[in-house]
Amino acid sequence: MKIRLLLVYLSILFITLLAACTTPTESPTAQITSAPATETLSPTSAATLPPEPSSTSTLVPTGTPLPPTETPTPTPLPDITNPNPSPEEVQAYLLSNGFSGFDEIVNMLFADVNGDAVTDAVAISDQAPLFVFLWQGDRFAPPAQTGEWREGVNNADGRYVYLKDYTADHITEIVNDSWYSEAGETYTVFNWRRQITKCEQDTCRVIWNDWIASYGDAPTSTGMFYYNSSDFAYGDEQGQIILERLYFGLSVYWSYIGVEPVLKEEYTPSALGWDTSTSEFIDVDLSRRYIWNGTEFEFLEDEVLEMPKLVDGDVQLEAFGPRQVRAHIRLELDQTSATYRNDRCQLYLDGQPISNPFGCKNDFTKIVWEDITGDREEELLVWTVSGDQSYLWEDLFAEKGCFHQRLMVYTWDGDTAAQVGNFVGCVRRTDLFGVTIRDYDDDGQLEILVAALWPEFLSPDQPDGFSQDYLRFSQLVEIYEWDGTQFILGSTTGN
Ligand SMILES: [Ca+2]
Ligand SMILES: [Ca+2]
Ligand SMILES: [Ca+2]
Ligand SMILES: [Ca+2]
């Protein structure tokens, strides 16, 4: 027993001594932490920790040769020394050095992004990562990574990467615009985000990251909204660099609490003590300013350009015409929501239905008798507003797929009613203009003006040049003229 114990003791002593003698200046743990290229994936630490190609040599088995495997571990390629590498060359370098989160490099941008007057390279992958390669004399240093998707989202519907100077130093930043859609049974939402990355010497970091545009259509719950923004950077009187963002849009029953975009919480209906159950709610337009503090664009202030407001409807559901004929609206109320409703209306004359059912809001529905053709005979006019397609009543279509104002016009000869116009105009701004009647060409005869479209989605590459706008309002207005029998499309104006 004693001999055995002694042997154990000697063995432990021997091993300890051996370990002490063979401990190199580099500990095995140090090797492991420096080996994986994933260390370089953080944007702040990237470009400072080149992966060491030699460190993986210990992982190569030296014993019996193995049959070729299907996924061999790639040998890390050395730093890129070609100042104008192809996407394939960069992709091979990245994949062999353990960079991940993408399948391929789809495009390259070349510009000086760190201010040393030497051209750098930005590799755009097919997924989230962007890799910024800064040129260092004779090679590209291992890259910094940026280009994250929106938090909690694994993929984007689209992305556009370009270079623009945001800090007024004539050194370009890397702008990563991405967009996302969400859709459920009763809603559709699109959000656009912008991430701006700035590089200095051998590091890169994100200096601004937020939403830039938003569009939603939720007819049976929160209504419709769009928000767009534009940005520009300038130096103020004190020589400070300001990033100004102009947010503008239209929101119907959508309070921006807890969802994107969050504008000013103090201007939400509940904060203002508003009852939106019987009124249209129009949201705020504002200018938001950030100041460049040398590290990032820091929030400075908001300036409200247009206060939110409630727009009360003009309601009249019954009107007596020539010879006391009674016109009225029969309503079915949408009771699916306390705050937002798409009701169902139908027009009756002398007790008989004369229209198909149409989407309406009962608080904004009005019928009037009025001569708009100039023959001194009154027409029956129906005005209303409504959201897009109702999910409650599937037969109610907004012909233009937008939150809209509708005008229907009927003539009545004392016996029969004839529809001579049915106009749907997309409401685009806070005046709620969708359809209006006026003498557009000053010839004494009234025309009907109709706003043609809701915002269009744009792709960043426009035929007429690059656009940073992803939503655009058509300003197109259709002009309908009375031809003696009905209102027909005569011309359009705007664009
Ligand atoms: Ca450079
Ligand atoms: Ca700059
Ligand atoms: Ca008339
Ligand atoms: Ca006219």
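Above this text is the structure in question.
Position numbers for residues count from 1 along each chain, tracking the sequence in the order it is written. Chains carry letters and ligands carry numbers; both start at the beginning, A for chains and 1 for ligands, and go up in the order they are written. With the structure being a predicted model, the display of local features is reserved for residues of pLDDT at least 70 and the display and counting of side-chain atom pairs for 80 or more, all residues being used for whole-chain, interface and lining totals.

Visitor: Describe in detail the overall build of the chain, supporting the description with residues and values.
Guide: Strands here are runs of E lasting at least two residues and helices are runs of H or I lasting at least four, both read from the DSSP assignment and numbered beginning at the N terminus. Broken down by element type, the chain carries 4 helices and 31 strands. By the burial criterion, 34% of the 495 residues in the chain qualify as buried. The long-range share in the chain, meaning contacts at least 24 apart out of those at least 6 apart in sequence, stands at 49%. Any residue with 12 or fewer other C-beta atoms within 10 Å of its own C-beta is exposed, any with 20 or more is buried, and the rest are partly exposed; the C-beta atoms used are placed from the backbone. Residue pairs qualify as contacts under a 7 Å threshold applied to their C-beta atoms, which are placed from the backbone.

Visitor: Please set out the pairing of strand β25 (residues 447-451) residue by residue, giving values where relevant.
Guide: Most of β25 sits inside the fold, with 4 of its 5 residues counted as buried. Bridge count for strand β24 (residues 435-438) against β25 is 4 bridges, and the pairing is antiparallel. Looking at β25, one finds that R438 is bridged to E447. When DSSP locates at least two bridges between a pair of strands, those strands are taken to pair. As judged from the 5 bridges shared by β25 and strand β30 (residues 477-482), these two strands associate in the antiparallel manner. In the strand pairing of β30, A451 is matched with V477.

Visitor: For helix α3 (residues 87-96), give the residues involved together with the corresponding values.
Guide: An α-helical turn contains 3.6 residues, so a residue and the one three or four places further along point in the same direction. Taken as a whole, α3 has its buried residues at V90, Q91, Y93 and L94. One face of α3 carries all of its buried residues, which in axial projection span an arc of 165 degrees. Just downstream of α3, G98 is the residue with a positive phi angle, here 85 degrees. Working note: the arc is built from the helix axis to C-beta atom directions.

Visitor: Provide a residue-level description of the nonpolar core, including the pertinent values.
Guide: Counting residues in hydrophobic clusters, the biggest one holds 49 residues, and the most contacted among them are L407, F423 and I448. Per-element tally for this core: the top contributor is strand β22 (residues 404-412), with 5 residues. Bear in mind that the domain bounds are from an automatic or database domain assignment. Both domains that furnish three or more residues to this core are identified here as domain 1 (87-256 + 277-304) and domain 2 (318-489). Not counting residues within four places of it along the chain, the set of residues in contact with F423 comprises R406, L407, V435, I448, V450 and Y480. Note on definitions: a nonpolar core is a set of buried residues drawn from Ala, Val, Leu, Ile, Met, Phe, Trp, Tyr and Cys, linked by C-beta atoms within 7 Å. By size, the runner-up hydrophobic cluster in this structure holds 24 residues, among which are F99, V122, I124 and L134.

Visitor: If you had to explain the environment of V206 to someone new, which residues and values would you point to?
Guide: Mapping V206 onto the fold places it in strand β8 (residues 203-218). Expressed as a C-alpha distance, the spacing of V206 and T295, which sit 89 residues apart in the sequence, is 9.0 Å.

Visitor: Give a description of the sheet that holds strand β3 (residues 130-133) that names residues and reports values.
Guide: Strands in a sheet are paired, the pairing made by backbone hydrogen bonds, and the direction either parallel or antiparallel. The strand order β1-β2-β3-β4 describes an open sheet built from 4 strands, whose pairing is antiparallel. The two strands at the open ends of the sheet, each matched to only one other strand, are β1 (105-111) and β4 (144-146). Each neighbouring strand pair of the sheet contributes to a mean axis angle of 25 degrees, computed without reference to strand direction. Where β1 meets strand β2 (residues 120-125), 6 bridges bridge the pair, whose relative direction is antiparallel. Within β2, the residue paired with M108 across the bridge is A123. For helices, the fitted line uses only the C-alpha atoms of the stretch in contact; every axis is such a line through C-alpha atoms, and the angle between N-to-C directions lies from 0 to 180 degrees. Sheet strands touched by α3: β1, β2 and β3. Its angle to β1, the strand with the most contacts, is close to 105 degrees.

Visitor: So, the pairing of strand β21 (residues 379-386): which residues are in play, and what are the values?
Guide: With 7 of 8 residues buried, β21 lies mostly within the body of the structure. Sheet topology note: the β21/β22 ladder contains 7 bridges and is antiparallel. In the strand pairing of β22, V382 is matched with M408.

Visitor: Hey, could you go over the sheet that holds strand β31 (residues 487-493) for me, with residue numbers and the actual values?
Guide: Reading across the sheet, the 4 strands line up as β24-β25-β30-β31 and stay open at both edges, with antiparallel pairing between neighbours. Each edge of the open sheet is held by one strand with a lone partner, namely β24 and β31. Averaged over all neighbouring strand pairs, the angle between strand axes comes to 25 degrees, with direction disregarded. Taken together, the 6 bridges between β30 and β31 define a ladder with antiparallel strand orientation. Looking at β31, one finds that V477 is bridged to T493.

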